[in-house]
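Observations on the model geometry
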Amino acid sequence: IYYTLGLSDLYSSWWFQILVGMLAVSIIVASLDRGIPLYKSLKNQRVKRHESFLKRQRIVAEGQVTASPEETLSKVEKKMTEMKYIVRRDGSALLAEKGRFSRYGPYINHVGLIIFLTGVMLRLVPGFYVDESIWVREGETRAITGMDGYFIENRDFILETHDNTPQGEQLKQGVNVVAKNFQTDITLYKQPEDAIAGDTENLEKVKDYSIRVNHPLKEAGYALYQMDYRLNELKQMNFQLVNKTTEQSLGKVGIDLTNPKKEYDLGNGVSVKLLVYTPDFSGFENGVPQTATSVPNNPAFLFKMTTPETPKGETSFVAIKQTLEPLGENQYKMKFDSVETRDMSGFTIRKDRTIPILFVGGIIFMIGVAIGSYWNHRRLWLQVEPDGHVLMAAHVNKNMFSMKKDLDAVTAFAGLPQYKDQLEPSEEGEESTNRGNTKKEGDNTL
């Protein structure tokens, strides 16, 4: 269930990608549903608006001017142009507008987010994103997972440690030595294009390299990182076939624990057959030896030993610190002689072609955030009747203080009536409120 649900690789799981896709579709639909009508309404704005529309705005001014309508409109146009407003006139009406682009900030934001989510979803497309791990033993040549056509040979693993003695938290965690550097000297090979898949006979050498922590091997857009290591893995176990009575050796048998042979001929009619090999012996099941893993952590062997004195052969089960003779007492035994070990290197293979897409999406996203946060859309409507009656209204989507600052300047310059913020309480209302607050404070005091 854990792996089926993709919890082992959460952000690449099928259900997480479905959620990302649904989020992207939702953003696209919302942007089209609101963005297109907004664009049309702002593009096709009328200069002359109905009186009821103007009086519904937050900032409204109404009164008389002494100058002529044309002079008043000209002064307002001049002042608003100086303040970088775009001014349009239609007869006795005027519309001054500034910062319209700020209304598109959230939609630019959405475009960046959609590009970013597209990059996230592209990680499921083969070739766009690789994040794999492999273990390679010293002396071993293996195909690189996720890097098709490339092979890696582990020539040597090097571990350097600090000379200082572990102390403090290191001692509490059971740390005996502190690694200063661990690296793997490797040779990278590439398979010819016309080669059969899996053929390791005719590999073309690409380069030699020493992979260290934070110094990966980079090739063809891939990066191979040194991530882990294991020391002293069993590589080969050596035995001697000896007579149990005389301790005379009839020959030596070296068993490669990665690729053991089925039979070892020692000459003079002496041979040893390997009937069963369990790399990680975990016990018997119905009389058959079992292995927990394919890693030679606890190797065990079932031998059949043939000599001129025992032509029918003798059977012996040999494990570490354990020898069994299931078919009765034997005349010969496999005596442990020595062991050979080797180190292993753990590599992580990474490739991410989606990073430029994520980067572009992130930049566009932040541009949209900045536009929507630090600029505002300001509009001023002014209509002057032939008799000098003026009706002015203003609107800003945020930062009303900036709009009022511009209105103060144009009102003083053109001699317009004082504007009123309809969301602020009137002076009479303020006095009533203050009287009410004073009475309440008095009551509380009493």
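Structure shown above.
A brief report on the enclosed structure follows.

Focus on the pairing of strand S17 (residues 310-319)
With seven of ten residues buried, S17 is to be regarded as a mostly interior element. Here strand S16 (residues 300-307) runs beside S17; their pairing, made up of seven bridges, is antiparallel. The residue of S17 that forms the bridge with leucine 302 is phenylalanine 317. With antiparallel pairing between neighbouring strands as the criterion, S16 and S17 make up a hairpin whose turn holds two residues. Note that S17 and strand S18 (residues 322-324) share three bridges and pair antiparallel. Note that in S18 the partner of valine 318 across the bridge is threonine 323. Taken together, S17 and the strand that follows it, S18, pair antiparallel across an intervening segment of two residues, in which lysine 321 is found at a positive phi of about 60°.

Here's the deal with a nonpolar patch on the surface
On the surface, Ile1, Tyr2, Tyr3, Leu5, Leu7, Leu10, Tyr11, Trp14, Ile18, Leu19 and Met22 cluster together to form a nonpolar patch covering roughly 1300 Å² of accessible area. Take leucine 10: it is sitting in the segment before helix H1 (14-43). You can call leucine 10 partly exposed: its relative accessible area is 32%.

With respect to the packing of aromatic side chains
Geometry of an aromatic ring pair is reported as the spacing of the ring centres plus the angle between the planes. Counting across every chain of the model gives 14 aromatic pairs. Aromatic side chains phenylalanine 182 and tyrosine 229 sit 4.8 Å apart centroid to centroid with 55° between the ring planes, which places their arrangement in the tilted category. Of this pair, phenylalanine 182 sits in strand S7 (residues 179-190) while tyrosine 229 is found in strand S10 (residues 222-243), placing the two residues 47 residues apart along the sequence. Relative accessible area serves as the criterion here: at 24%, tyrosine 229 is assigned to the partly exposed category. When the ring of phenylalanine 284 is compared with that of phenylalanine 317, the centres are 5.1 Å apart and the planes differ by 55°; the resulting orientation is tilted. In this pair, phenylalanine 284 is assigned in strand S14 (residues 281-285) and phenylalanine 317 in strand S17, connecting sequence segments 33 residues apart. The exposure class assigned to phenylalanine 284 is partly exposed, which follows from its relative accessible area of 42%. Here phenylalanine 317 falls in the buried class, since its relative accessible area comes to 4%. Three or more aromatic residues link up through ring pairs in this structure, and these residues are Phe239, Tyr277, Phe301, Phe303 and Phe336. A cation over a ring is seen here: arginine 49 above phenylalanine 53, with NZ or CZ 3.9 Å from the ring centre. Just above the ring of tyrosine 225 sits the side chain of arginine 350; from NZ or CZ to the centre is 5.6 Å.

A short note on the packing of helix H3 (residues 69-82) against helix H7 (residues 400-414)
At a minimum axis separation of 9 Å, H3 and H7 run at an interaxial angle of 140°. Handedness of the crossing formed by H3 with H7: right-handed. In contact with Thr72, Lys75, Val76, Lys78, Lys79 and Met80 of H3, H7 contributes Ala409, Val410, Phe413 and Ala414. Broken down by class, the residue content of the contact of H3 with H7 amounts to six nonpolar, one polar and three charged.

Some remarks on H3
The periodicity of an α-helix, 3.6 residues per turn, causes residues three or four places apart in sequence to face the same way. For H3, built from 14 residues, the straight-helix expectation of 20 Å at 1.5 Å per residue is met to within 8% by its first-to-last C-alpha distance of 20 Å. Of all the positions in H3, only Thr72, Leu73, Val76, Lys79 and Met80 are classed as buried. Axial view of H3: buried residues confined to an arc of 135°, hence all on one face. Where H3 is buried, its residues touch strand S2 (86-90), strand S3 (93-98), strand S20 (378-384) and H7. After H3 finishes, the residue lysine 84 shows a positive phi value of roughly 70°.

About the thresholds
- Residues numbered from 1 in each chain as written.
- Predicted model: local features only at pLDDT ≥ 70, side-chain atom pairs only at ≥ 80, totals over all residues.
- Heavy atoms only, no water.
- Buried < 20%, exposed > 50% of the residue type's maximum accessible area, 1.4 Å probe, protein only.
- Helix = DSSP H or I, 4+ residues; strand = E, 2+ residues; numbered from the N terminus.
- Pairing = 2+ DSSP bridges.
- Patch = residues over 30% accessible without salt bridge, like charges linked within 9 Å, V, L, I, M, F, W, Y side chains within 5 Å.
- Areas by Shrake-Rupley, 256 points an atom, 1.4 Å probe, with all protein chains shown as cover.
- Salt bridge = Lys/Arg side-chain N within 4 Å of Asp/Glu carboxyl O.
- Phe/Tyr/Trp six-rings, centres within 6.5 Å; stacked < 30°, edge-to-face > 60°.
- Lys NZ or Arg CZ within 6 Å of the ring centre and 35° of its normal.
- Axes fitted to C-alpha atoms, helices over the stretch in contact; angles between N-to-C directions.
- Left-handed = near helix turned anticlockwise from the far one by under 90°.
- Contact = heavy atoms within 4.5 Å.
- Nonpolar A, V, L, I, M, F, W, Y, C, P; charged D, E, K, R; others polar.
- Expected span 1.5 Å × (residues − 1).
- Arc of directions from axis to C-beta.

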